[in-house]
Amino acid sequence: MTKRELNDLRDFIEQIFNDSVAGKLEQAAIPIGVLTETGKSFLENLSGLDFKEEVTFCLHPDDLVHIYKNHYGLNENDQSNLISLVDEDIRKIADILYHPDAVAYLGEDKKGKKFIFFLESEVGCFNLIDVYAHRRGKLTVKTYYHTKKGVSQSAMNFLAQTSETYGATLSVANIPILLKSK
């Protein structure tokens with residue numbers, strides 16, 4: 001993906017977010033790109049899952065409204081641990097999905113959906129995206145937040161909590177480009 005394509009994707013994601021919050025979108029998943037071949041192999045090795053030949057990254061208006069109502073601006077519901085998201089954070093969804101600094105696979109939730117966290121380290125804190133893998137060959141962003149904790153502290157807490165519950169696996173080495181334009 002070129003710099004221009006990545007910037008166009010940032011603009012597109014910001015527009016989808018704003019339209020979702022304004023109630024202008026129907027309740028259907030919106031494709032924003034596809035998983036690269038190397039990204040597919042990487043996630044299959046990390047998770048043990050078998051993905052379909054083409055896996056689409058999607059945003060769903062309901063999930064974007066959830067992000068807005070729980071983590072954006074004055075709506076942040078955990079002010080002691082999280083930093084309120086701003087427009088630039090929404091635009092960073094593209095960057096995190098494109099090439100995250102760390103990826104953790106957490107197994108299945110109570111409803112049997114497979115899910116993966118994409119993590120991007122920042123100076124002193126993490127941006128975290130919770131992504132669900134669906135059987136139909138889609139990866140959907142479910143929620144997104146920005147922690148106040150330092151990178152190493154967040155990583156240790158994250159792994160301790162999730163490995164006990166789910167048997168989490170985390171990779172921070174040799175993460176390929178995951179997202180490409182369709």
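What comes next is a walk through the structure. A quick note: this is a predicted structure, and the numbers were derived from the prediction, not measured.

How each quantity is defined
- Residues numbered from 1 in each chain as written.
- Predicted model: local features only at pLDDT ≥ 70, side-chain atom pairs only at ≥ 80, totals over all residues.
- Heavy atoms only, no water.
- Helix = DSSP H or I, 4+ residues; strand = E, 2+ residues; numbered from the N terminus.
- Buried < 20%, exposed > 50% of the residue type's maximum accessible area, 1.4 Å probe, protein only.
- Areas by Shrake-Rupley, 256 points an atom, 1.4 Å probe, with all protein chains shown as cover.
- Phe/Tyr/Trp six-rings, centres within 6.5 Å; stacked < 30°, edge-to-face > 60°.
- Lys NZ or Arg CZ within 6 Å of the ring centre and 35° of its normal.
- Contact = heavy atoms within 4.5 Å.
- Axes fitted to C-alpha atoms, helices over the stretch in contact; angles between N-to-C directions.
- Parallel < 35°, antiparallel > 145°, perpendicular 65-115°, else oblique.
- Nonpolar A, V, L, I, M, F, W, Y, C, P; charged D, E, K, R; others polar.
- Core = buried A, V, L, I, M, F, W, Y, C linked by side-chain atoms within 4.5 Å.
- Left-handed = near helix turned anticlockwise from the far one by under 90°.

### Describing the overall build of the protein
Piece 1. Per the secondary structure count, the protein includes five helices and nine strands.
Piece 2. Taking all 182 residues of the protein together, 52% fall into the buried category.
Piece 3. Carbon and sulfur atoms provide 49% of the accessible area of the protein, an area that totals close to 9200 Å².

### Quick word on the packing of aromatic side chains
Piece 1. A complete count under the given rule lists four aromatic pairs for this structure.
Piece 2. Sitting above the plane of the Tyr-132 ring, Lys-142 keeps its charged end 5.4 Å from the centroid.

### A look at the environment of Leu-64
Piece 1. Within the secondary structure, Leu-64 is located in helix 3 (residues 61–71).
Piece 2. Given a relative accessible area of 2%, Leu-64 falls into the buried group.
Piece 3. Residues Leu-64 and Asn-18, spaced 46 residues apart in sequence, show a C-alpha to C-alpha distance of 8.8 Å.
Piece 4. Once residues within four sequence positions are removed from consideration, Leu-64 is found in contact with Ile-16, Phe-17, Ser-20 and Leu-59.

### Describing the packing of helix 1 (residues 3–21) against helix 3
Piece 1. Between helix 1 and helix 3, whose axes approach to 9 Å, the crossing angle comes to 80°. Overall, the two elements helix 1 and helix 3 adopt an arrangement that is roughly perpendicular. Side by side, helix 1 and helix 3 meet where Ile-16, Phe-17, Ser-20 and Val-21 of the first sit next to Pro-61, Leu-64, Val-65, Ile-67 and Tyr-68 of the second.
Piece 2. Grouping the amino acids of the contact of helix 1 with helix 3 by side-chain chemistry returns eight nonpolar, one polar and no charged.

### Some points on the environment of Val-21
Piece 1. Tracing the backbone through its elements, the reader meets Val-21 in helix 1.
Piece 2. Once residues within four sequence positions are removed from consideration, Val-21 is found in contact with Val-65 and Tyr-68.

### A closer look at the nonpolar core
Piece 1. Leu-43, Ile-90, Leu-97, Val-103, Phe-118, Ile-129 and Leu-139 are the most contacted members of the largest nonpolar core, which has 39 residues in total.
Piece 2. Take this core: its biggest share by element is six residues, from helix 4 (residues 87–98).
Piece 3. Once residues within four sequence positions are removed from consideration, Leu-139 is found in contact with Leu-35, Leu-43, Phe-51, Val-55, Thr-56, Phe-57, Cys-58, Val-131, Tyr-132 and Ala-133.
Piece 4. Residues Ala-102, Ala-104, Phe-126 and Tyr-132 belong to the second largest nonpolar core, which totals eleven residues.

### A short note on the packing of helix 1 against helix 4
When two helices pack together, you describe them by how their axes are tilted relative to each other and by the distance separating the axes.
Piece 1. Running from N to C, helix 1 and helix 4 cross one another at 130°; their axes reach a closest spacing of 8 Å. One way to sum up the angle between helix 1 and helix 4 is to call them oblique. Once helix 1 is placed against helix 4, the crossing between them reads as right-handed. In this structure, helix 1 contributes Leu-6, Asn-7, Leu-9, Arg-10, Asp-11, Ile-13, Glu-14 and Phe-17 to the contact, and helix 4 contributes Asp-87, Ile-90, Arg-91, Ile-93, Ala-94, Asp-95 and Tyr-98.

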